[in-house]
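Topology and contacts: notes
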Amino acid sequence: MDFLAEEISRIESAGLLRKRRRLEGPQGARVEVEGRIYSSFCSNDYLGLAAHPKLVEAAIEGAGRYGVGAGASHLLCGHTDAHEKAESALADFVGLASALLFSTGYMANLGAITALAERQDELFCDRLNHASLNDAAQLSRAKMVRYRHLDLEELESRLAGSAARRKIVVSDAVFSMDGDIAPVPELLELCERYDALLFLDDAHGFGVLGGHGGGILSHFDISSPRIVYMGTLGKAAGVAGAFVAGCGNLAQYLVQKAKTYVYTTAQPAMLAEAILASLEIIGGESWRRERLKSHVATLKSALGNRLMPSDTPIQPYVVGENQAALDLSARLRERGILIPAIRQPTVPAGTARLRISLSAAHGEEEIGDLVCALK
Ligand SMILES: *Cc1c(COP(=O)(O)O)cnc(C)c1O
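Attention here is on the structure that accompanies the text. (Residues numbered from 1 in each chain as written. Predicted model: local features only at pLDDT ≥ 70, side-chain atom pairs only at ≥ 80, totals over all residues. Heavy atoms only, no water.)

1. Quick look at the packing of aromatic side chains
Summed over all chains, the structure comprises four aromatic pairs. Taken together, the aromatic side chains of F93, F206, Y229 and F243 make up a single cluster linked through ring pairs. (Phe/Tyr/Trp six-rings, centres within 6.5 Å; stacked < 30°, edge-to-face > 60°.)

2. Considering the sheet that holds strand β11 (residues 337-338)
Picture the strands of a sheet paired through backbone hydrogen bonds; they go either parallel or antiparallel. Pairing in this open sheet of three strands is mixed, and the strands run β1-β2-β11 from one edge to the other. Both edges of this open sheet fall to β1 (30-33) and β11, since each of them pairs with a single strand only. With four bridges connecting them, β1 and strand β2 (residues 36-40) associate as antiparallel partners. From the neighbouring strand, V31 faces β2, where its bridge partner is Y38. (Pairing = 2+ DSSP bridges. Helix = DSSP H or I, 4+ residues; strand = E, 2+ residues; numbered from the N terminus.)

3. Observations concerning the site of the ligand
The immediate surroundings of the ligand are formed by 13 residues, with G105, Y106, D201, H204 and K235 found nearest. Between G105 and the ligand, the recorded distance is 2.7 Å, taken from a backbone N or O atom to an oxygen atom. It is helix α5 (residues 105-116) that contributes the most residues to the shell around the ligand, three residues altogether. Considered class by class, the residues forming the shell around the ligand number two nonpolar, eight polar and three charged. (Near = heavy atom within 4 Å. Polar contact = N/O pair within 3.5 Å; in protein donor to acceptor, adjacent residues only side chain to side chain. Nonpolar A, V, L, I, M, F, W, Y, C, P; charged D, E, K, R; others polar.)

4. Some details on the nonpolar core
Ranked by internal contacts, the top residues of the largest apolar core, which has 79 residues, are V169, L198, F206, Y229, F243, L299 and I356. With ten residues, helix α12 (residues 269-284) is the single largest residue contributor to this core. Formed jointly, this core draws a minimum of three residues from each of two domains, domain 1 (15-44 + 286-374) and domain 2 (53-284). Those residues within four positions of L299 in sequence are excluded, and the remaining contacts are G304, L307, Q315, I356, L358, I367, L370 and V371. If you look at the next biggest cluster of nonpolar residues, it comprises 28 residues, including A115, A142, V170 and Y261. (Core = buried A, V, L, I, M, F, W, Y, C linked by side-chain atoms within 4.5 Å. Buried < 20%, exposed > 50% of the residue type's maximum accessible area, 1.4 Å probe, protein only. Domains from an automatic or database assignment. Contact = heavy atoms within 4.5 Å.)

So, in structure tokens, the structure goes:
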């Protein structure tokens, strides 16, 4: 086991050691770490729902009714009416015909992509896609082509040159480390022209984009039977888990074929209850999205060109070198502000950055303090 220590010290000397912070309370705009309260710009809790009393109450009531553990996979006897209610509410929420719940977004991507693509098929993946999509593509054994970030010309020529049985374009809807939005209408047009499916990972758009938080499809006001949509429930929705939605047969197909659905214990029903409570708030309280937009505008007008171009709550502040990003993050921490330094392999080498993520839970004052500290 000597290689463990050797590898750890290699990682550390490259400035790439990852450390966990221990929160001593709930997620929020302010968090407690080692007895000190910090302003946090680290979480994906974009709407401030992770500790919302209505979600907590729904989970408690759900636990009272269903207990804590599901005790079995969905296909044995872990499936409940709460899961089904959540699935149909989620499908309605994103305007698609069917939806299936998964325990996490990572599992949803692995399960759905491997169910849709096999050896004879070809996946066309944006280079900056989330790690779970890359793993899913490899696990599927389909041919995997990675096109340059947002490069529609390259994508088109790759699609035109493919003779695969089934073609699937796979993209983050909002890129998780850059915050930019994929050109979904153009992607869909290419999929139509070359008879491909479009798999969209909307982990950072669900709840945030679109008039009622319906996500990327509502943002662009598009719909198509070619779309397979993955939304996660641990970010803006404030709970845990994910869902895959699409045409009327999709959920039924995935129940048969998605291994990460079949061979895993069902998500606890209490969480399905919390998801239903979360959807009420996401759909009903537009002020959360309005406030988020206003925070994004404030930050962008104050920090301008130091930020990568993004209109979403993910606002990366580019630094470059690993150590410089770590140092900046440490100095902010001394001032009571938590922002993680993101390094390779999460982002390309030489583009280390502070990933600022904004939340409706932040007040204007906190945004002002952040701007001040960064300046
Ligand atoms: C967070 C994330 C996932 C994984 O979702 P979890 O529910 O956290 O497992 C998938 N895709 C993207 C783009 C993400 O940011």
